[in-house]
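Chain by chain, the residues:
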Amino acid sequence: MLKSSMQVKMARGRVEELKGKLDQLNGAYSRGETPSNEEFRVKLIAEIDQLEKEIELHGRLQISDDTLLPSESLEDLPETLIAARIARGMTQMDLAKFLGYKMQQIQQYEEDRYRATSLWRLITIAEALGVKIHQAGNLMGNRTMGPVDATKTARFPIGEMYTRGWIGPWDGGAIDAAKEAPGRLERFLAKAYGSNPASRNRHVRSKGVPHEGAISAWEARVISLADAGPLETAFDPVKVNPAWVRTIARFSAIRGGVRRIKSHLNDIGIHFIIESPLPGMQIDGGAIRTPAGQMIVALTLRDYRLEWFWLALMYELGHLVLHIAPGEYDGIFDEIAAPAMSAIDEDADVYAREALIPSAQWQSCKSKDAFTHGTILEDAERLRIDPSVVVARAREMFPDKRMPSGVIRDRDVRRQLGNDTEG
């Protein structure tokens, strides 16, 4: 099984090499010649077929639903764990951070097919990846997220949570940290969720099965940050009118405008928080109401390109107004590149489009028909917005469009936001 994107790249190169050799042999047949190395030709075909199957499997796992590989015995467990890691969108480094191990440990485990790994550690890794094993390995998780059992410590990215200081300092070794983790995790979650976390109604938009433990830990962190500094203004959805929303897009054309978004949201009772994703999370942002009633738009900047920032921001703002404020949901989390799979996903799509560039203005934009460097800049200047907003609008409508190079000057939104992103 191919275990990383680098191995996939190498496999594709090998396939091309083998196909070149096969073409030479087939050419001899077409000229009426009978090559003496027919056995070699058969081996080439078999190797190409095997490599293509492994490349296809790796790609399929990345967009899988919950079923992974048939597991008819414990001998299949190593492949199931590797498949689960790939399906979660996690690299070997991600899994190592999640567990608090060194990446070399994970590499060695997978290279040796977990032969020298203890049962306890296998169970820990399976829990971390959220895998249930019966007749087939299944990813645990649901787009309508349920309560996560805090007693199942291994299902949370404890290693990374220690590293970030969320559950206290990591003073001892991995064994000591694991012993202390259940109590620390329980206190961490209780601080954010209160006494009744099971009552929270949550939804995830994602290509694959969401990692509920990682998302819940991230949500709890964001809630704690917001509750630590409550805003003076109570949120009023009436204030989120078209003129107020259009101001956000126009900040894009002002020097330092991106940094003004926080105060713009705070002024009407919305926290704006940036918290980087945890290993296992394929989430770009979330719209959240805390148990104390604070409203939050939170982004991970998993993709720090400026156009993706605008899309994620408008998606979460839309969810906050349409689904969180009315009380329908307490938390909604989005993978921006995932297709809409529910009515609330479609609602967010429409809201984001209209927030970026309203349909009445978009109809007169040349970029919707001819997506070129010139048309993007012309539309941006006419609408008094940054080209990244035009690109975001086009990408929301036509996700496969390729952006002309050089059209966005400073594409890394992290440089524009600076450190003033919490609260």
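Everything here concerns the structure above.
Fair warning: this is a prediction, and the values are worked out from it, not measured in the lab.

So, how was this worked out
- Residues numbered from 1 in each chain as written.
- Predicted model: local features only at pLDDT ≥ 70, side-chain atom pairs only at ≥ 80, totals over all residues.
- Heavy atoms only, no water.
- Pairing = 2+ DSSP bridges.
- Helix = DSSP H or I, 4+ residues; strand = E, 2+ residues; numbered from the N terminus.
- Axes fitted to C-alpha atoms, helices over the stretch in contact; angles between N-to-C directions.
- Phe/Tyr/Trp six-rings, centres within 6.5 Å; stacked < 30°, edge-to-face > 60°.
- Buried < 20%, exposed > 50% of the residue type's maximum accessible area, 1.4 Å probe, protein only.
- Core = buried A, V, L, I, M, F, W, Y, C linked by side-chain atoms within 4.5 Å.
- Contact = heavy atoms within 4.5 Å.
- Salt bridge = Lys/Arg side-chain N within 4 Å of Asp/Glu carboxyl O.
- Parallel < 35°, antiparallel > 145°, perpendicular 65-115°, else oblique.
- Left-handed = near helix turned anticlockwise from the far one by under 90°.
- Nonpolar A, V, L, I, M, F, W, Y, C, P; charged D, E, K, R; others polar.
- Polar contact = N/O pair within 3.5 Å; in protein donor to acceptor, adjacent residues only side chain to side chain.
- Arc of directions from axis to C-beta.

Chemist: Looking at this model, I keep getting lost on the sheet that holds strand β8 (residues 331-334). Mind explaining?
Modeler: Across a sheet, paired strands are connected by hydrogen bonds in the backbone, their directions being either parallel or antiparallel. An order of β4-β8-β6-β7-β5 is seen for the five strands of this open sheet, with the pairing classed as mixed. Of all the strands in the sheet, just β4 (202-205) and β5 (270-274) have a single pairing partner and so form its edges. With strand direction ignored, the average angle separating the axes of adjacent strands in the sheet is 10°. Examined bridge by bridge, β4 and β8 share four bridges and lie parallel to one another. The residue bridging Val204 from the neighbouring strand is Phe333, located in β8.

Chemist: Would you mind showing me how to read the packing of aromatic side chains here?
Modeler: For any two aromatic rings, the description comes down to two numbers: the centre-to-centre distance and the angle of the planes. Counted according to the given criterion, the structure contains four aromatic pairs. With 6.3 Å between their ring centres and 75° between their planes, Trp218 and Phe333 make a pair best called edge-to-face. Taken together, the residues span a long stretch of sequence, with Trp218 in helix α9 (residues 212-228) and Phe333 in strand β8 at a distance of 115 residues. Using a relative accessible area of 0% as the deciding quantity, one classes Phe333 as buried.

Chemist: Explain the nonpolar core here, please?
Modeler: Grouped together as the largest cluster of nonpolar side chains are 58 residues, with contacts concentrated most on Ile248, Ile261, Phe272, Phe309, Trp310 and Leu313. Per-element accounting of this core gives the leading share, 13 residues, to helix α12 (residues 306-324). What Trp310 contacts, discounting residues up to four positions off in sequence, is Ile248, Ser252, Val258, Ile261, Leu356, Ser388, Val389 and Ala392.

Chemist: What is the right way to read the pattern of salt bridges from this model?
Modeler: For the coordinates displayed, the defined rule picks out 26 salt bridges. Arg164 is the partner of Glu275 in a salt bridge, and the nearest nitrogen-oxygen pair spans 3.3 Å. Taken together, the residues span a long stretch of sequence, with Glu275 in the loop between β5 and β6 (285-289) and Arg164 in the loop between α7 (158-163) and α8 (174-193) at a distance of 111 residues. Its salt-bridge partner being Asp379, residue Arg382 comes within 3.8 Å of it at the nearest N-O pair. Placement of the pair is Arg382 and Asp379 together in helix α15 (residues 373-383), with a separation of three residues, close to one helical turn. On the basis of relative accessible area, Asp379 is assigned to the buried category, the value being 1%.

Chemist: Looking at this structure, I do not really get the packing of α12 against helix α13 (residues 343-356). What am I missing?
Modeler: A pair of packed helices is captured by two measures, namely the crossing angle of their axes and the spacing between those axes. The N-to-C vectors of α12 and α13 enclose an angle of 120°; their axes lie 8 Å apart at closest approach. As the angle between them shows, α12 and α13 are arranged oblique. Here the hand of the crossing between α12 and α13 comes out right-handed. Between α12, through Trp310, Leu311, Met314, Tyr315, Leu317, Gly318, His319, Val321, Leu322 and His323, and α13, the contact on the second element is made entirely by Ile344, Asp347, Ala348, Asp349, Tyr351, Ala352, Ala355 and Leu356. When grouped by side-chain class, the residues that make up the contact of α12 with α13 number 13 nonpolar, three polar and two charged.

Chemist: Just checking my understanding: could you explain the side chain of His203 for this structure?
Modeler: Along the polypeptide, His203 turns up in strand β4. On the basis of relative accessible area, His203 is assigned to the buried category, the value being 7%. At 3.0 Å, the side chain of His203 forms a polar contact with the side chain of Asp345. Not counting residues up to four positions away in its chain, the partners in contact with His203 are Arg143, Tyr329, Gly331, Ile332, Phe333, Ser342, Ile344 and Asp345.

Chemist: Help me out: how do you make sense of helix α5 (residues 103-111) in this one?
Modeler: Every α-helix winds through 3.6 residues per turn, so residues three or four apart in the chain are directed the same way. What α5 keeps buried is the set Ile106, Tyr109 and Glu110. Buried residues in α5, looked at end-on, bunch into an arc of 90°, giving them a common side. Turned more than 90 degrees away from the buried face of α5 sit Gln104 and Glu111, all of them exposed. Residues of α5 that are buried sit in contact with α3 (77-87), α4 (92-99) and α6 (119-129).

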